[in-house]
Amino acid sequence: MEYIEIIGWIANGVVVIQFLQKDMWKLRWWGLLGATLWGVYAVGIESVPLFCLNLLIWLIQFYHIRKLSIEKKRKNND
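Residues numbered from 1 in each chain as written. Predicted model: local features only at pLDDT ≥ 70, side-chain atom pairs only at ≥ 80, totals over all residues. Heavy atoms only, no water.

(A) Representation of the nonpolar core within the structure. Core analysis: the largest hydrophobic core is formed by seven residues, namely Ile4, Ile7, Ala11, Val14, Leu37, Trp38 and Tyr41. Of all elements in the fold, only helix H1 (3-19) and helix H2 (24-44) reach the threshold of two or more residues within this core. The element best represented in this core is H1, accounting for four residues. Once residues lying within four places of it in the same chain are set aside, the contact partners of Leu37 are Ile7, Ile10, Ala11 and Val14. (Core = buried A, V, L, I, M, F, W, Y, C linked by side-chain atoms within 4.5 Å. Buried < 20%, exposed > 50% of the residue type's maximum accessible area, 1.4 Å probe, protein only. Helix = DSSP H or I, 4+ residues; strand = E, 2+ residues; numbered from the N terminus. Contact = heavy atoms within 4.5 Å.)

(B) Main features of the environment of Arg28. Following the sequence through the fold, Arg28 ends up in helix H2. Arg28 sits in the buried class, given a relative accessible area of 17%. Taking the C-alpha atoms as reference points, Arg28 and Ile45, separated by 17 residues in sequence, lie 25 Å from one another. Among all residues touching Arg28, those that are not within four sequence positions of it are Gln61, His64, Ile65 and Leu68.

(C) Summary view of the packing of H2 against helix H3 (residues 48-77). Taken N-terminus to C-terminus, the directions of H2 and H3 make an angle of 155 degrees; their axes are 8 Å apart at the nearest point. Between H2 and H3, the angle falls in the class roughly antiparallel. Crossing of H2 against H3: the hand is left-handed. Split by residue class, the contact of H2 with H3 holds 16 nonpolar, seven polar and one charged. (Axes fitted to C-alpha atoms, helices over the stretch in contact; angles between N-to-C directions. Parallel < 35°, antiparallel > 145°, perpendicular 65-115°, else oblique. Left-handed = near helix turned anticlockwise from the far one by under 90°. Nonpolar A, V, L, I, M, F, W, Y, C, P; charged D, E, K, R; others polar.)

(D) The packing of H1 against H2, seen in detail. Two numbers describe how H1 lies on H2: the axes approach to 8 Å, and their chain directions differ by 160 degrees. Here H1 lies roughly antiparallel to H2, going by the angle between them. Crossing angle aside, the handedness with which H1 passes H2 is left-handed. On H2, the residues touching Ile4, Glu5, Ile7, Gly8, Ile10, Ala11, Asn12, Val14, Val15, Ile17 and Gln18 of H1 are Leu27, Trp30, Gly31, Leu33, Gly34, Leu37, Trp38, Val40, Tyr41 and Gly44.

Structure follows, in structure tokens:
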């Protein structure tokens, strides 16, 4: 098995872990990690569509993490 396939399998595992999360903060961080790993995998297999999909997912996850972080700061300041 090549290293790039191992990255793909790890990415699969991370996505499964993501869906097992009850806490939204953890779910988003696992999603960000999964999208990152899938993005690396996409580059490794030279798949532009897969890379673009995971770049979009990464941006969505990052947006929601930032949003959750701002909400958390607001609650702590109240």
